[in-house]
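Residues per chain are reported as follows:
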Amino acid sequence: MYIISRTYGGSMRARQLEVFTAVMRAGTVTEAARQLNISQPALSQILMHCEDELGFALFDREKGRLRPTAEALELYPEAERLFGGLEGLRRKTQDLRLGRAGLVRVGASAPPAMSLLPLILAQYRALHPDILLRSNVAPISSLVTMLRAGDSALALALDDHLPPDIAVERLGATSFCCLLPQAHPLAERDEVSFADLEAETIISYRSSTRPHDELDKAARRAGQRFAPQLEIDVSITAVGFVQAGLGVAVVDSLLPWGQFDHVVTRPLSHAPDLPLSLLTLRGKGLSRAEEIMRDQIRAVCADRLSASP
């Protein structure tokens, strides 16, 4: 690799540039060799070879010491600038190889975004503080669009039925619970059944979504119907409706509902499982930093969720 090409008719290679700037900085071959961790004869050989290729001397040798020539003094500012860029490039490539630099985009639907993603990002940030993190919270249809557009490299969602171009890794499962106003009679129960909900105004997922379909099948197995009167796309929106007294919500158990005032949760008996999946774009490789994020996601989910078959 040739770094400097001047009107003198020669060029300077990367290693020669490194040796030249080291000698200029250190002032002696001995100190320059020590800094570069090479022998003095090896350094002198590189320097002389550089001068041969350039076609002019960089240093005058006087009693074992090197004195920069006028040409060397003219080249030095440009050499320092280029060498600084070369050093930056080396650090950047090493950081990328080790996963210490770059940008990682992670998408998630609201439940994993609020329950798992904060811990995932905190642990990742503690180990890799130089990596820029970008998160997007969105419904699963939007997450698929983000993966296809490159706006997210990884996504967490409560589904494992995705289009064929989306690779799905099932990380575990969660279930469903009932979100109730504090003073609601069902709040006195240890758990709530589908039969208990028969007389209630139900707030839950709209039809043709994975959570709705799973709840509908579970209700049928229990000999009941599941027909929400107030449909939602994102479970977090149920909180305000329940607080306003609009009904009882049937929502995922993953989202940390306990942080909201004036509502309580009770388990839904005979509730189905809802898979938590890690999504990536099939056929698209991950950077080293993204691979490390994927491993961090797996570790946190394995610790926080029970794996399901």
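Refer to the structure presented above.
In short, a report on the structure. If you're wondering where the values come from, they're calculated on a predicted model, not measured in any experiment.

**Overview of the overall build of the protein**
Consideration 1: Along the protein, the regular secondary structure elements total 10 helices and 14 strands.
Consideration 2: Here the C-alpha atoms of the protein give a radius of gyration of 31 Å, more than 25% beyond the 19 Å that 2.2 N^0.38 yields for 309 residues.
Consideration 3: Taking the principal axes of its C-alpha atoms as reference, the protein extends roughly 100 × 35 × 35 Å.
Consideration 4: For the protein, the proportion of its 309 residues judged to be buried stands at 46%.
Consideration 5: A separation threshold of at least 6 residues defines the contact pool for the protein, and within that pool the share at least 24 residues apart is 72%.
Consideration 6: Summing over all exposed atoms, the protein offers an accessible surface of approximately 15600 Å²; the carbon and sulfur share of this is 50%.
Consideration 7: A gap of 6 Å separates the mean positions of the 34 positive and 37 negative side-chain charges of the protein.

**Structural notes on the side chain of Asp-252**
Consideration 1: Assignment of secondary structure puts Asp-252 in strand S12 (residues 248–252).
Consideration 2: An unpaired buried charge is present at Asp-252: no salt bridge exists, and Arg-210, the closest side chain of opposite charge, is 13 Å distant.
Consideration 3: One polar contact links Asp-252 to Ser-235, side chain to side chain, over a distance of 2.9 Å.
Consideration 4: Within the structure, Asp-252 has its side chain in polar contact with the backbone nitrogen of Leu-254 (distance 3.0 Å).
Consideration 5: Setting aside anything within four residues of it in sequence, one finds Asp-252 in contact with Pro-111, Leu-158, Ser-175, Phe-176, Cys-177, Tyr-205, Ser-235, Trp-257 and Leu-274.

**Quick notes on the pairing of strand S5 (residues 103–108)**
Consideration 1: The sheet contact formed by S5 and strand S6 (residues 132–137) spans 6 bridges and is parallel. Pairing of Leu-103 across the sheet is with Leu-132, part of S6.
Consideration 2: Pairing between S5 and strand S7 (residues 154–157): 3 bridges, direction parallel. Across the sheet, Val-106 pairs through a bridge with Leu-154, a residue of S7.

**Here we look at the sheet that holds strand S9 (residues 176–181)**
Consideration 1: The sheet built from 5 strands is open, its strands ordered S11-S10-S12-S9-S13 with mixed pairing. With one partner strand each, in any of the chains shown, strand S11 (230–232) and strand S13 (263–267) form the two edges of the open sheet. Within the sheet, the average angular offset between the axes of one strand and its neighbour, ignoring direction, is 30°.
Consideration 2: Note that S9 and S12 share 4 bridges and pair antiparallel. Each residue of the ladder has a partner; that of Leu-179, found in S12, is Ala-249.

What counts and how
Residues numbered from 1 in each chain as written. Predicted model: local features only at pLDDT ≥ 70, side-chain atom pairs only at ≥ 80, totals over all residues. Heavy atoms only, no water. Helix = DSSP H or I, 4+ residues; strand = E, 2+ residues; numbered from the N terminus. Rg over C-alpha atoms; globule rule 2.2 N^0.38 Å. Buried < 20%, exposed > 50% of the residue type's maximum accessible area, 1.4 Å probe, protein only. Contact = heavy atoms within 4.5 Å. Areas by Shrake-Rupley, 256 points an atom, 1.4 Å probe, with all protein chains shown as cover. Lys, Arg positive; Asp, Glu negative; His and termini not counted. Charge placed at Lys NZ, Arg CZ, Asp CG, Glu CD. Salt bridge = Lys/Arg side-chain N within 4 Å of Asp/Glu carboxyl O. Polar contact = N/O pair within 3.5 Å; in protein donor to acceptor, adjacent residues only side chain to side chain. Pairing = 2+ DSSP bridges. Axes fitted to C-alpha atoms, helices over the stretch in contact; angles between N-to-C directions.

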